[in-house]
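Report on the structure
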Amino acid sequence: MNLEERRLLSIDFINYTLVFLNAYICYMKKTIFFLCVCVLGSCNAGMDKKIDELIAQMTLEEKVDMLHGHTMFTSAGVERLGIAPMKYADGPFGIREELEPNSWMPLRLTTDSATFFPTGSALAATWSEEMAWLYGKGMAEEARTRGKDMILGPAINIQRIPTGGRTYEYFSEDPLLSARLAVGYVRGVQDNGAAACIKHYALNNQENNRGMVDVVISQRAMREIYLPPFRAAVEEAGALGVMAAYNKVAGSWCAENDMLLNKILRDEWGFRGMVISDWYGTHSTVKAALSGLDVEMPGNNFFGQALLDSVRNGSVPEEVIDQKVANILRVRLTIDPIEETSHINPVSTPEHGQIVYEVASKSIVLLKNESNLLPLDLDQNKTIAVIGDNAIRKNATGGIGAGVKARYEITPMEALQQKTRDRANLVFARGYKGFSWRDRVRGGVLGGEVLTGTGGMLSGSDASAAQLDPDLLAEALEVASGADLVLFFAGNNREVETEGADRTNMILPSLQDELIREIARVNPNIITVVVTGAPVDLSNVDQYSKAMLVSWFNGSEGGNALADVLLGTVVPSGKLPFTFPVRLEDSPAYALKTYPNFDKAHYAEDIFVGYRWFDSRKIDPLYPFGHGLSYTGFTYSLPQTNKDQYRPNDVITVTFRLENTGSFNAEEVVQLYIHRSGTKVEFPEKELKAFRRIQVDAGKSKKVTLKIPVSSLRHWDETARDWALEPGRADLLIGTSSRDIRLTKRVTILL
Ligand code: BGC
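Keep in mind it's a predicted model, so treat the numbers as computed, not measured. (Residues numbered from 1 in each chain as written. Predicted model: local features only at pLDDT ≥ 70, side-chain atom pairs only at ≥ 80, totals over all residues. Heavy atoms only, no water.)

**Focus: empty space enclosed by the protein**
Under the convention used in this document: Here the term cavity refers to a set of points on a 1 Å grid, laid over the protein atoms alone, in which a 1.4 Å probe fits but cannot get out; the term pocket refers to an open set having protein on both sides within 12 Å along at least five of seven lines, with lining residues being those that place an atom within 4 Å of a point. Grid points are joined across faces, edges and corners, and a volume is the space filled by probe spheres set on the points. Comment: elements are numbered from the N terminus, with helices defined as DSSP H or I runs of at least four residues and strands as E runs of at least two.
Scanning all chains against the criterion turns up four cavities of 30 Å³ or more. Computed from the structure, the largest cavity encloses a volume of approximately 120 Å³. In terms of lining, the largest cavity is formed by 15 residues, of which the most central are N395, P412, W552, N554 and G558. Sort the elements by how many residues they give to the lining of the largest cavity and helix α19 (residues 558-567) lands first, with three residues. What the second largest cavity holds in volume is close to 100 Å³. What lines the second largest cavity is a set of 14 residues, among which Q159, R160, I161, P162 and E173 lie closest to the centre.

And the structure:
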């Protein structure tokens, strides 16, 4: 055998060995998968057996006792059988302080402060399932330290209207983005020993009249837009808890909605955990019991004696009660109860501080940056005027909704002072009085009425009549005129955006538009930081700002993250999870005049929610969904797909090259939208189907791969009452935002 033959033989040998190894690994993977399924199956079987045994030992009274709240945030177990009570904690952006057992009054302990996590839209702006997982992990660890079993979160409804009171708690106007974050959050919580309770199921998209409003919606819009986050959290992440929303859907309250709870959640998605009502959101005994509600929270108006009576008189079969107890036990036996030791321990750790810093620093969105004014050049800008109440305001609590008694919260002003020290002269002026609960009461907002009154959110005509506080204005103009640069802190606060009430408009509160106009007269060098959890009207502020960022209600470390972005230690990489419309009337529910509403909310825009509406109707937004600039530049090139034609079970694999052409190492969120054509069914102009956050060093490039299962292109067929795939063309649009598409590639979908 000559040398060449020997070489070929050894290559053959290596190849055979590799093929064999490959086959072996494949086989082992399958075996391990099979074993996991068997182990899980037998665990489930074991658990089910134990549950049956426990239920067999319970009296009817004991069972019914488990089906309602015992205190504001607990429901009972059965002590004699060693079944611990369930302990719940709000959620979704920090573990709530301890309350009196039967009221909303805080106990005012000194040991129950927690980390304030960035609120929903901030987490969503990271476009990162990994960040959501870390977030969930931090939340679970704090919940466990405080003895809690179930976190009332994440809150994953779709942001339908820009003015929705809970927009800041929710993730996005897009179902895929919301779903991926919901999966990350739920897994993060449940991988770390606590149960997650996804809320508010379903269609809680407005706060005005939330307890009575009846949502009228097509099955298609419900399935394609509003349910996917809940479905993914159940099917993919195995969420253990679901909270039924306050509102009605198709005529029935969510806590007694057979279609939502029995048919979709349990029968279709296979949910095996427990359904609890939103607080005081139960309205009946028999209907709720038969429609799939497991636990009435809090109190026992319907699921106490009344339920017991209904079983005794035969209106509710005892098997239904047994199923409810089984649903609770499935959660109870998965989550280890925590011994009540000191009752409450301090929970907020430096590690959690690091998590919230990471999330916050990836969430900040750079909207514009004329002449690369950012990052700040402190040699050129020695004196900086910091103007606006939001620079010194903390956002952990407020409104009447979810709040966190934060162990600490760094404001933007504190962080800037600490990080610039003797490198810059920071001069602060409050500029406007932050909107307060008094303004809210004056404006009648507690009744869901109009927000007016000086310092409040004034509609156009009211605004022209009101005046800025003359002393605050004079002070602001003085510091602005003596400064090289103005950092203007605009936006909302937690009194403006709140549970229980929608905003009546998007106008920046406290006459901020007037204030910036005045400031620009004395110093046009303005960078605006928008502190908000929801879209606000930026059209005026935009004109006067050379650079603009959105910094959200960004948690305990929000100030540090913002200062690091302004100073360039962190390169901005957040992307908008929702559209900033030019005018409120451009947004779908307002354009179609289906909002404001009172007893019925007709979702007439159907599947055309958020950018799906703006793009399909060719309405330019001020800043589009997915938008967010960087200090570096990225180029996209060489798009390729693994095939040109795809069948229903295929996965479209797309690759392209992403190059960082600037001088900062940075992260980019690449987005892939699909435009359908040649189809019989109407689709939105484009729909997000894949995205990824990628780190690329300056001057370097990376090959990016995105995968889109063809099944994700299906639509809901109203006639067949099922998912269906439309054949036809699909343009893959790859870009850095929904309106900045850099690459396109056409493929064909075949049946
Ligand atoms: C909210 C829920 C919350 C519950 C308990 C309700 O008003 O809608 O999100 O978990 O109160 O605080």
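So, next bit.
**Quick notes on the pairing of strand β27 (residues 740-749)**
Stated precisely, the cut-off is as follows: At least two DSSP bridges between two strands are required for those strands to pair.
Examined bridge by bridge, strand β19 (residues 645-646) and β27 share two bridges and lie parallel to one another. Bridged to Y646 within β27 is I749. Where strand β26 (residues 728-737) lies against β27, nine bridges are found, and the strand directions are antiparallel. Its bridge partner lying in β27, G728 is registered against I749.

**Topic: the nonpolar core**
We apply this condition: Residues grouped as a nonpolar core are buried Ala, Val, Leu, Ile, Met, Phe, Trp, Tyr and Cys residues, joined through side-chain atoms within 4.5 Å. Exposure is judged per residue with a 1.4 Å probe applied to protein chains only, and the accessible area is read against the type maximum: over 50% gives exposed, under 20% gives buried, and values in between give partly exposed. An automatic or database domain assignment supplies the residue ranges for each domain. Residues are treated as being in contact if the distance between any of their heavy atoms lies within 4.5 Å.
In this structure, Y88, Y201, I276 and I652 are the most contacted members of the largest nonpolar core, which totals 186 residues. With eight residues, helix α5 (residues 175-190) is the single largest residue contributor to this core. Counting residues domain by domain, this core receives three or more from each of domain 1 (1-55) and domain 2 (634-749). Each residue touching Y88, except ones within four places of it in the same chain, is listed here: F73, T74, S75, K148, M150, L152, M274, I276, V295 and M297.

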